[in-house]
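Next come the chains, spelled out residue by residue.
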Amino acid sequence: MKRNAQTGFTLLEMLAALTVMAVCSSVLLVAFGQSARSLQQVSRSDRLSHAARTVFDQEAAGPLRSGTRNGVLDGDINWQLEISQQPTKAGQARLFRLDLTVSEARRKATFSTLKLRGLTDKAGA
């Protein structure tokens, strides 16, 4: 008796392997797509954070006065800074609260910080 020796894969095994490979590939494509979107979102958020740091550094370097300031940074980032002096006891250093809103297209972020100044600034404010 002669046995028919079979070598290789059957058609059913090949179809099963291709199906598993297709499912794995689609899962990887979805993961890569979500990763790219997350990276893009972080990049935009990073840009607004950097803009906020720049505005805080520029505006808080000089004398501080209560009020609102507006501006545009890099041509497309709008910002609004509200400065308010916080109540302190007589003879103490002055404390200012800075609330900054930066926006770019539909994205908007708000940042706040406190700055302490002596009784008088060099500019006499």
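Residues numbered from 1 in each chain as written. Predicted model: local features only at pLDDT ≥ 70, side-chain atom pairs only at ≥ 80, totals over all residues. Heavy atoms only, no water.

Student: Even after reading the chapter, I still don't get the overall build of the chain, so can you show me in this structure?
Tutor: The helix and strand tally for the chain stands at one helix and four strands. Along the chain, from the amino end to the carboxyl end, the secondary structure elements read α-β-β-β-β. Dimensions of the chain, computed from C-alpha atoms along their principal axes, come out at roughly 110 × 30 × 20 Å. A burial count over the chain gives 18% of its 125 residues as buried. (Helix = DSSP H or I, 4+ residues; strand = E, 2+ residues; numbered from the N terminus. Buried < 20%, exposed > 50% of the residue type's maximum accessible area, 1.4 Å probe, protein only.)

Student: Where do I start with the pattern of salt bridges in this structure?
Tutor: Where charged atoms from two side chains of opposite charge come close, those side chains can pair. Evaluated as defined, the whole model comprises four salt bridges. Salt-bridge contacts for glutamate 104 lead to arginine 47; the nearest nitrogen and oxygen are separated by 2.8 Å. Of this pair, glutamate 104 sits in strand 3 (residues 94-104) while arginine 47 sits in helix 1 (residues 11-60), and the two are 57 residues apart along the sequence. In this structure glutamate 104 comes out as buried when scored by relative accessible area, which is 13%. (Salt bridge = Lys/Arg side-chain N within 4 Å of Asp/Glu carboxyl O.)

Student: Can you help me understand the side chain of arginine 94 in this one?
Tutor: Relative to the helices and strands, arginine 94 is located in strand 3. Here arginine 94 falls in the buried class, since its relative accessible area comes to 11%. Looking at arginine 94, its side chain comes within polar contact range of the main-chain oxygen of glycine 118, at 3.1 Å. (Polar contact = N/O pair within 3.5 Å; in protein donor to acceptor, adjacent residues only side chain to side chain.)

Student: So what exactly am I meant to see when it comes to the sheet that holds strand 3 here?
Tutor: Sheet strands pair via backbone hydrogen bonds, and the direction of the pair is either parallel or antiparallel. Strand order in the open sheet made by the four strands is 1-2-3-4, with antiparallel pairing throughout. The two strands at the open ends of the sheet, each matched to only one other strand, are strand 1 (67-73) and strand 4 (107-117). Taking the axes of each pair of neighbouring strands and ignoring which way they run, one obtains an average angle of 20 degrees across the sheet. Of the strand pairs in this sheet, strand 2 (residues 77-86) and strand 3 are connected by nine bridges, and their pairing is antiparallel. When the bridges of strand 3 are listed, leucine 81 appears paired with leucine 100. (Pairing = 2+ DSSP bridges. Axes fitted to C-alpha atoms, helices over the stretch in contact; angles between N-to-C directions.)

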